[in-house]
Amino acid sequence: MAEIQIKNVEKWFGSYQALTSIDLTISDQEFMVLLGASGCGKTTLLRIIAGLETASQGEVWINDRRIDHLAPKDRGIAMVFQNYAVFPHLTVFENIGFGLRMQRRPNHEVKARVERNAELMHIEQLLGRYSGELSGGQRQRVAVARALAMEPDVILMDEPLSNLDALLRLEMRAELKGVLAGSKTTAIYVTHDQVEAMSLADRISVMHQGRIIQAADPLSVYRDPAERFVGSFIGNPPMNFLPATPEGGGKWRVAGQSYAGPKTDHTALDFAIRPEDLQPSVAGLAAVVKVVEPLGAHVLVTCAIDGQMFRSVLDSDTKLAAGETITLQPNADRIRWFDPQSQVLVR
Ligand code: ATP
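Residues numbered from 1 in each chain as written. Predicted model: local features only at pLDDT ≥ 70, side-chain atom pairs only at ≥ 80, totals over all residues. Heavy atoms only, no water.

J.: Would you explain the sheet that holds strand β5 (residues 65–66) in this entry?
T.: Two orientations exist for strands paired in a sheet by backbone hydrogen bonds: parallel and antiparallel. Read across the open sheet, the four strands follow the order β2-β1-β4-β5; overall the sheet is antiparallel. Lying at the two open borders of the sheet, with one neighbouring strand each, are β2 (16–26) and β5. Along the sheet face, helix α1 (residues 42–50) touches β1 (4–13), β2 and β4 (57–62) and points at about 120° away from the line of β1. (Pairing = 2+ DSSP bridges. Helix = DSSP H or I, 4+ residues; strand = E, 2+ residues; numbered from the N terminus. Contact = heavy atoms within 4.5 Å. Axes fitted to C-alpha atoms, helices over the stretch in contact; angles between N-to-C directions.)

Dropping the structure here:
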């Protein structure tokens, strides 16, 4: 069992602050994804947990043991990094079994675990090959199999599927989810791919400029972004926003329409709705169609509402042409509101 606690961790590189006030508890056997744009501090946080980087301040605990002063090898953590760190002069079999050999596990156990994990990662036919002869994607799978073979209490993964083609990535994602769900491992997984994050995570920690902005289950992050940034970072296409002014009594004026919203004394709010939460209707927001993109399963329509770009995902049979005006009715349950100054969700 392994519960990980990160307490008030800060990281400075010279005068640059890469992490600010990171407080996060990852429950035993939880699959936590750190999600954010390039440079937001995901890898730095993972490296601090692994012991490859020292925090400027703060503590890291696993259960009731403080680990931030321990050497990486003494932390009981298996790691898969972006650059995979697979030994080129060893075969795939030897690479996957490397950690198990170090632990002096009996031969039959090493063999069984190596074969099982190679199969999971679809590299069983490569076991006899030298790792230096493999493609980037194959080496990456060797690294994942090596970490899984250890059956660790904690596994840290930094973009472990980044070098795979789209189809294999989809397949491996499902395999990984299945394996970890069936294990007792606590996992922290770094990615900038929001779909991967949504699909894998028990909880997602959304990071931005060195801070964790929201840590919640995927659907909550998607439906109730804690900040406007989360609404625009997660979701493809992202959330739409329009300015709103108060009409009194919890009603808000949005592009000439009236919608029920929070009863607050804000003098302005941002109205927000996801593109799939709009329906063409006789009444609603008047939108001038700019671009129509048929995407098979649906049609992506980019419009302008009061001069602001606004996107809607509509049924694939919807017939529309650029220049037309349509009215889009938002699903009332899905409307969200943000403070234009602080950018935080207002309920
Ligand atoms: P990516 O997805 O691109 O890997 P990331 O979110 O993992 O990005 P980090 O690698 O954690 O980002 O880097 C966070 C910030 O800290 C970046 O601005 C980066 O330039 C800076 N940084 C990271 N390592 C160092 C270092 N050794 N010295 C100076 N600055 C660093």
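J.: What am I meant to see in the packing of aromatic side chains here?
T.: How two aromatic rings sit relative to each other is set out by the distance from centre to centre and by the angle between their planes. Summed over the entire model, instances satisfying the criterion amount to seven aromatic pairs. Geometrically, the ring pair formed by Phe241 and Phe338 is edge-to-face, given 5.8 Å between the ring centres and 70° between the ring planes. You can see Phe241 sitting in strand β11 (residues 240–248) and its partner Phe338 sitting in strand β19 (residues 336–338), a full 97 residues away along the chain. When sorted by exposure, Phe241 lands in the same class as Phe338, which is buried. Their ring planes at 35° and their centres at 5.6 Å tell us that Tyr259 and Phe271 sit as a pair that is tilted. Of the two residues, Tyr259 sits in strand β13 (residues 257–260) while Phe271 sits in strand β14 (residues 269–273), which places them twelve residues apart along the sequence. Given the relative accessible area of 0%, Phe271 is considered buried. By the ring-pair criterion, three or more aromatic residues cluster together here, those being Trp252, Tyr259, Phe271 and Trp337. (Phe/Tyr/Trp six-rings, centres within 6.5 Å; stacked < 30°, edge-to-face > 60°. Buried < 20%, exposed > 50% of the residue type's maximum accessible area, 1.4 Å probe, protein only.)

J.: Would you mind going over the nonpolar core with me for this structure?
T.: Inside soluble globular proteins, nonpolar side chains tend to come together where they are buried. Counting 48 residues, the largest nonpolar core has Ile96, Ile123 and Met157 as its most contacted members. Looking at which element gives the most residues to this core, the answer is helix α5 (residues 136–149), with seven residues. Sequence-distant contacts of Met157, that is, excluding residues within four places in its chain, are made with Phe31, Leu46, Val80, Leu176, Leu180, Ala187, Ile188, Tyr189 and Val190. Counting residues in hydrophobic clusters, the runner-up holds 26 residues, among them Leu19, Leu46, Ile49 and Ile77. (Core = buried A, V, L, I, M, F, W, Y, C linked by side-chain atoms within 4.5 Å.)

J.: Can you help me understand the pattern of salt bridges in this one?
T.: It is possible for side chains of opposite charge to pair when their charged atoms get near one another. Under the definition given, this model contains 18 salt bridges. Between Asp270 and Arg228 there is a salt bridge; the shortest N-O distance is 2.8 Å. Of this pair, Asp270 sits in strand β14 while Arg228 sits in helix α9 (residues 228–233), and the two are 42 residues apart along the sequence. Classification of Asp270 by relative accessible area gives buried; the value is 10%. The class for Arg228 is partly exposed, based on a relative accessible area of 24%. (Salt bridge = Lys/Arg side-chain N within 4 Å of Asp/Glu carboxyl O.)

J.: For this particular structure, what's the right way to read helix α6 (residues 166–181)?
T.: An α-helical turn contains 3.6 residues, so a residue and the one three or four places further along point in the same direction. Helix length check: α6 (16 residues) gives 23 Å between terminal C-alpha atoms against 22 Å at 1.5 Å per residue, within 8%. All of the buried residues in α6 are Leu168, Arg169, Met172, Arg173, Leu176, Val179 and Leu180. For α6, the angular spread of the buried residues around the axis is 140°, confining them to a single face. Residues of α6 that are exposed and point over 90 degrees away from its buried face: Leu167, Ala174 and Ala181. Contacts from the buried residues of α6 go to β3 (31–35), α4 (107–120), α5, β7 (154–158), β8 (186–191) and α7 (194–200). (Expected span 1.5 Å × (residues − 1). Arc of directions from axis to C-beta.)

J.: What is the right way to read the side chain of Thr20 from this model?
T.: Here Thr20 lies in strand β2. Residue classification places Thr20 among the buried positions, given a relative accessible area of 12%. Within the structure, the side chain of Thr20 is placed 3.5 Å from the side chain of Gln17, a separation counted as a polar contact. In contact with Thr20, not counting residues within four places along its chain, are Val9, Glu10, Gly210 and Arg211. (Polar contact = N/O pair within 3.5 Å; in protein donor to acceptor, adjacent residues only side chain to side chain.)

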